[in-house]
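Listed below, chain by chain, are the residues.
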Amino acid sequence: MHYQRHILLLALLLPATAMAQMKGMDMPEHFAFGQPAPESEATRTIHVEATDTMRLNFDAMNIHRGEVVKFVVSNSGQAVHEFAIGDEAFRKKHMLEMRKQMAGMEHHDVNVLSIKGGETKTIVWRFDPLKSKSVLFACYVPGHFEAGMYHRHVMLKQALPN
């Protein structure tokens, strides 16, 4: 009978211990606007140019809810830029974080690329099929967003399967 109490106690503690360990792991994040996706699941590629005139230039912008898009982002300028996929809630949170950090620090958010002049980087994103109503693509390097380096996109309805 005494061992049954120990088994019950273990059964109750093991899930809590496993969850505590998982918090320290690099688990993929999920946001209201989507989550990272493997490159093999991308259905198309959109090229983006980040410029020193504080613009993000897209070669296409017709993104549907639920779509998996590979973004190839090139910094054609000399200044460091970011390419962040987010929404208004993420923008507010990220801008507060940027103010607290030292200038020049790179970010390691799964939805943000930090791109030096002349660099090209890739991010693959799965837009949430239900919650992605609008998305904000932006550079949050201090002063860049304020100078107009962002693009708000209203998501198109999910494409119907063929």
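Engineer: I would appreciate a short explanation of the environment of F31 in the present structure.
Structural biologist: With respect to the helices and strands, the residue F31 is situated in the loop between helix 1 (2-23) and strand 1 (34-36). In this structure F31 comes out as buried when scored by relative accessible area, which is 15%. C-alpha of F31 to C-alpha of D128: the two residues are 97 residues apart in sequence and 8.3 Å apart in space. When residues no more than four places from it in sequence are discounted, the contact partners of F31 are F90, V110, N111 and W125.

Engineer: Just to check I follow, could you spell out the sheet that holds strand 6 (residues 112-115) for this structure?
Structural biologist: Pairing between the strands of a sheet comes from backbone hydrogen bonds, and it takes one of two forms, parallel or antiparallel. With antiparallel pairing, the four strands of this open sheet are ordered in space as 6-5-8-9. The open sheet has two edge strands with one neighbour each: strand 6 and strand 9 (150-154). Across the sheet, the mean angle separating the axes of adjacent strands is 10 degrees when strand polarity is ignored.

Engineer: Help me understand the packing of aromatic side chains, please; the structure alone is not making it clear to me.
Structural biologist: Remark: the centre distance and the inter-plane angle together describe each pair of aromatic rings, the angle taken between the planes. In total, this model carries 15 aromatic pairs according to the counting rule given. Both rings, one in F127 and one in F137, keep their centres 6.5 Å apart while their planes meet at 75 degrees; by these two values the pair is edge-to-face. Pair noted here: F127 is in strand 7 (residues 120-127) and F137 is in strand 8 (residues 134-138), with a separation of 10 residues, a long-range link. Both residues of the pair, F127 and F137, belong to the buried class. These aromatic residues form a ring-pair network of at least three members: F31, F33, F90, W125, Y140, F145 and Y150.

Rules used in this analysis
- Residues numbered from 1 in each chain as written.
- Predicted model: local features only at pLDDT ≥ 70, side-chain atom pairs only at ≥ 80, totals over all residues.
- Heavy atoms only, no water.
- Helix = DSSP H or I, 4+ residues; strand = E, 2+ residues; numbered from the N terminus.
- Buried < 20%, exposed > 50% of the residue type's maximum accessible area, 1.4 Å probe, protein only.
- Contact = heavy atoms within 4.5 Å.
- Pairing = 2+ DSSP bridges.
- Axes fitted to C-alpha atoms, helices over the stretch in contact; angles between N-to-C directions.
- Phe/Tyr/Trp six-rings, centres within 6.5 Å; stacked < 30°, edge-to-face > 60°.

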